[in-house]
Amino acid sequence: AASMMYGAKQIRGFCHLCLGQEACAVGMEAGMTLDDPVITAYRAHGWTYTRGVSPLGILAELTGRASGCAEGKGGSMHMYNYNFFGGNGIVGAQVPLGAGIALKLKYMKEQKVCVALYGDGASNQGQVFEAFNMAHLWKLPCIFVCENNHYGMGTSAERSSASTDYYSRGDYMPGLRVDGQDVLAVREATRFAKEYAMSHGPILIELDTYRYKGHSMSDPGTSYRTREEVQQMRKENDPIMMLMDRMIESDLATKEELKAIDTEGKKMIGEARE
């Protein structure tokens, strides 16, 4: 919906879509509770929804309306809700902020964890490593998450990082590499990470994922990768289709039931657009 509305010039400015990365937010949300705070970068639409904002609240924010979740003042990159601290536009800046939120949790003796997410494009920022260091020194209840979609803007991970083993970047912190297209794998990794972080301190997760669209809507996403690459990922590693196939094979749902859910979802989005 946001893609079409941007094309129709109903959405102005920056607009970063997370199509293809749905299992990251949905899987992590299933492994924690809404009482666990989350802070992320500017590809935040999916997280905004899982944190409790309605499609209407998201689309209203994207179109600059007062009924949006940030009263129309934040737009695509700055959405907020209860225990959701954005949507942050400065690359990597949300990571030390996440460590600060985790410090508050420890100081107040709250049995919660903070999830601080960043992309592979932010992984080489000095402030990221400084946050790792302080979090480990103080044993903060923080899960640092690198959503590795393999391209920082238009630069591949291999061209920007001497080491693409992002899960190992914590050095003194334990790290996990997880299939970010498998919602169940993400859920179980999150459950483990939350239990670990609350008892032992910070842990790092790398979610191996992929975005179908460009970095933002102004980026066609085809100058640094081939159309065939994107099509292959859609065909073989789409997180929604993978879950649907697994549910059908396990007799958890029928094709007809899943189709009805899809129809209902499209209707809900259509009504929000109007």
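Residues numbered from 1 in each chain as written. Predicted model: local features only at pLDDT ≥ 70, side-chain atom pairs only at ≥ 80, totals over all residues. Heavy atoms only, no water.

*Asks:* Mind showing me how you'd approach the overall build of the chain here?
*Replies:* For the chain, the helix and strand inventory stands at 11 helices and 7 strands. Relative to the globule expectation of 19 Å for 274 residues, the C-alpha radius of gyration of the chain, 18 Å, shows essentially globular dimensions. The principal-axis extents of the C-alpha atoms in the chain amount to approximately 50 × 45 × 40 Å. Expressed as a percentage of its 274 residues, the buried residues of the chain come to 47%. Restricting to contacts in the chain with at least 6 residues of sequence separation, those with at least 24 account for 69%. Total accessible area on the chain is roughly 13700 Å²; 55% of this is exposed by carbon and sulfur atoms. (Helix = DSSP H or I, 4+ residues; strand = E, 2+ residues; numbered from the N terminus. Rg over C-alpha atoms; globule rule 2.2 N^0.38 Å. Buried < 20%, exposed > 50% of the residue type's maximum accessible area, 1.4 Å probe, protein only. Contact = heavy atoms within 4.5 Å. Areas by Shrake-Rupley, 256 points an atom, 1.4 Å probe, with all protein chains shown as cover.)

*Asks:* Please explain the packing of helix 5 (residues 94-107) against helix 6 (residues 126-137) as it appears in this structure.
*Replies:* For any two helices packed against each other, the geometry is given by the interaxial angle and the distance between the axes. Their axes nearest at 8 Å, the elements helix 5 and helix 6 cross at an angle of 20°. Here helix 5 lies roughly parallel to helix 6, going by the angle between them. Judged by the sense of rotation from one axis to the other, the crossing of helix 5 with helix 6 is left-handed. Contacts between helix 5 and helix 6 pair Val95, Pro96 and Ala99 from the former with Gln127, Val128 and Ala131 from the latter. Within the contact of helix 5 with helix 6, the residues separate by chemical class into 5 nonpolar, 1 polar and no charged. (Axes fitted to C-alpha atoms, helices over the stretch in contact; angles between N-to-C directions. Parallel < 35°, antiparallel > 145°, perpendicular 65-115°, else oblique. Left-handed = near helix turned anticlockwise from the far one by under 90°. Nonpolar A, V, L, I, M, F, W, Y, C, P; charged D, E, K, R; others polar.)

*Asks:* Would you mind showing me how to read the pairing of strand 2 (residues 114-119) here?
*Replies:* On a regular strand, one side chain projects to one face of the sheet and the next to the other, so that they alternate. The element strand 2 is largely enclosed, with a buried count of 5 among its 6 residues. Across 2 bridges, strand 1 (residues 38-39) lies against strand 2 in parallel orientation. Residue Val38 lies in a different strand from strand 2, and its bridge partner there is Val115. As paired elements, strand 2 and strand 3 (residues 142-148) share 6 bridges and run parallel to each other. Looking at the pairing, Cys114 lines up with Cys142 of strand 3. Note on the crossover from strand 2 through helix 6 to strand 3: the handedness is right-handed. (Pairing = 2+ DSSP bridges. Right-handed = clockwise from strand over helix to strand, strands pointing away.)

*Asks:* Please explain helix 10 (residues 239-249) as it appears in this structure.
*Replies:* Spacing of three or four residues puts side chains on the same side of an α-helix, whose turn is 3.6 residues. Put simply, Asp238 is the residue that caps the front of helix 10, since its side-chain oxygen is 3.2 Å from the backbone nitrogen of Ile240. Note on helix 10: the residue one or two positions beyond its end, Asp251, has a positive phi of about 60°. (Polar contact = N/O pair within 3.5 Å; in protein donor to acceptor, adjacent residues only side chain to side chain.)

*Asks:* Hey, could you run me through the side chain of Lys194 in this one?
*Replies:* Residue placement: Lys194 occurs in helix 8 (residues 183-200). Setting aside residues up to four positions removed in sequence, Lys194 forms contacts with Gly31, Met32, Thr33, Asp36, Val113 and Ile143.

*Asks:* Help me out: how do you make sense of the sheet that holds strand 6 (residues 175-179) in this one?
*Replies:* Within a sheet, each strand pairs with its neighbour through backbone hydrogen bonds, oriented either parallel or antiparallel. Across the sheet, which stays open at both edges, the 5 strands sit in the order 1-2-3-7-6 with parallel pairing between neighbours. With partners counted over all chains shown, the strands left at the sheet margins are strand 1 and strand 6, one partner each. Of the strands in this sheet, strand 1, strand 2 and strand 3 touch helix 5, which is tilted by about 175° from strand 2.

*Asks:* For this particular structure, what's the right way to read the nonpolar core?
*Replies:* Generally speaking, nonpolar side chains in soluble globular proteins are found buried as a group. Of all hydrophobic cores here, the largest spans 22 residues; its most connected members are Val95, Cys114, Tyr118, Phe132, Phe144 and Leu204. Per element, the largest residue contribution to this core is 5 residues, and it comes from helix 5. Aside from chain neighbours lying at most four places away, what touches Phe132 is Tyr118, Phe144, Arg169, Gly170, Tyr172, Met173 and Leu204. Residues Met28, Val115, Val186 and Ala193 belong to the second largest nonpolar core, which totals 21 residues. (Core = buried A, V, L, I, M, F, W, Y, C linked by side-chain atoms within 4.5 Å.)

*Asks:* Please clarify how the state of the cysteines should be interpreted in this entry.
*Replies:* Cysteine pairs can be covalently joined through their sulfur atoms, and such a bond is termed a disulfide. In the structure shown here, the tally under the stated rule is 0 disulfides. Sulfur of Cys18: no disulfide; nearest cysteine sulfur belongs to Cys24 and is 8.8 Å away. Overall, Cys18 belongs to the buried group, its relative accessible area being 17%. This cysteine, Cys146, is not joined by any disulfide, and Cys24 carries the nearest cysteine sulfur, 10 Å off. (Disulfide = S-S within 2.5 Å.)

Such coordinate-based values are descriptive only and should not be taken to indicate function.
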